[in-house]
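Observations on chain architecture
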Amino acid sequence: MEATVNGVRMHWREVGHGQAVLFVHGFPFHSGMWEEQLARLPRRWRLIAPDLRGFGKTELGGKAGPLGMDLLADDLARLLDSLAIDRAVVVGLSMGGYIAFQLWAWHPQRVRALVLCNTRAGPDTEAGRRGRQELAERVREQGTKAVVETLLPKLTSERTQRERPEVVERVREMMESTPPETIAAASLGMAERPDSTELLPTIEVPTLVVAGGEDAVASLAEAELMAKEIPDARLVVIEGTGHLTPMEDPVAFNRALVHFLEAIEGH
């Protein structure tokens, strides 16, 4: 589906009816990373997976410079407006989690519940920020393959690489389809994102934290911190997965998500 949202032509995938569940993809992917969720979750929920600004089939627009998490959160709020959705369960993976925090900070009335997957609340270290800036420069000079070769080995677990090579190939395809200018802008935007740690105690909606047991990007300690600081949050660790848990073990991830969604239906 497509519509003009917040000044850009936005594309999203949608199935089902009922309570809205908004899936926010990670970097540098697109809504296709949620295929196993949209295909297999019960249709009694309205499942919506947008391509974020500049990713997939959604326009980047005329914005120059860093692609901030606040702008991406605003885009999602405007998408909910266009779909006449007051509140949604927001499922954010990695960069999608950073955007989910910004949605809570700027538009808390739109968030019915949160699923924070393979992400963290804290900002980048100084070294991390430099790394993102260098990645932006390299991808502008060398193209998308620069980010593929840097990031791909870190994103999935050894088990996934060994037993599900088709998932690794799908990850590669999504990364290679993302324009260099989008990768550079989003990398700089993540480097500038605010520290969301102080937001954690303010999150007053049901929250599920999902961590990959072998995630080399967002550590288990960071997931445990979020689950501890968010009131009544629940932590689920899915062993044998890396940074892309919903793609690496969709059966276990979907089971945890369904259990959570069923538990909050009367909330």
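Description of the structure in this document. (Residues numbered from 1 in each chain as written. Predicted model: local features only at pLDDT ≥ 70, side-chain atom pairs only at ≥ 80, totals over all residues. Heavy atoms only, no water.)

Here the largest pocket defines a volume of roughly 510 Å³. Considering the residues around the largest pocket, the lining is formed by 24 residues, among which Arg120, Arg132, Leu151, Lys154 and Val217 are closest to the centre. For the lining of the largest pocket, the element with the highest residue contribution is helix α4 (residues 126-142), accounting for five residues. Residues of the lining of the largest pocket, tallied by class, amount to 10 nonpolar, nine polar and five charged. Taken as a whole, the second largest pocket spans an internal volume of roughly 150 Å³. Lining the second largest pocket are Gly32, Met33, Trp34, Glu35, Glu36, Arg164, Glu166, Val167, Arg170 and Met247. Looking at the lining of the second largest pocket, the elements that each hand over two or more residues are α1 (35-40) and α7 (165-176). Here the element with the most residues in the lining of the second largest pocket is α7; it accounts for three residues. (1 Å grid on protein atoms, 1.4 Å probe; cavity = no way out; pocket = protein on both sides within 12 Å on 5 of 7 lines; lining within 4 Å. Points joined across faces, edges and corners; volume = space filled by probe spheres on them. Helix = DSSP H or I, 4+ residues; strand = E, 2+ residues; numbered from the N terminus. Nonpolar A, V, L, I, M, F, W, Y, C, P; charged D, E, K, R; others polar.)

Here we come to the sheet that holds strand β8 (residues 234-238). An order of β1-β2-β4-β3-β5-β6-β7-β8 is seen for the eight strands of this open sheet, with the pairing classed as mixed. Of all the strands in the sheet, the pair left with one neighbour each is β1 (2-5) and β8. Strand-to-strand twist of the sheet, defined as the mean angle between neighbouring strand axes without regard to direction, takes the value 25°. Inspection of the sheet shows β1 paired to strand β2 (residues 8-15) by four bridges, in the antiparallel sense. Note on β2: the bridge partner recorded for Glu2 is His11. On top of the sheet, helix α9 (residues 220-229) reaches β6 (111-117), β7 (207-212) and β8; it is set at about 170° to β7, its chief contact. Of the strands in this sheet, β3 (19-24), β4 (45-50), β5 (88-93), β6, β7 and β8 are in contact with helix α11 (residues 250-263), which crosses β6 at around 155°. (Pairing = 2+ DSSP bridges. Axes fitted to C-alpha atoms, helices over the stretch in contact; angles between N-to-C directions. Contact = heavy atoms within 4.5 Å.)

Before going further, it helps to examine unusual backbone geometry. For the bond running from Phe27 to Pro28, omega is -5°, close enough to zero to count as cis. Positioned with a positive phi, Ala84 is a non-glycine residue whose angle comes to about 55°. By the element assignment, Ala84 lies in the loop between α2 (69-82) and β5. Note on Ala84: relative accessible area 70%, which makes it exposed. (Buried < 20%, exposed > 50% of the residue type's maximum accessible area, 1.4 Å probe, protein only.)

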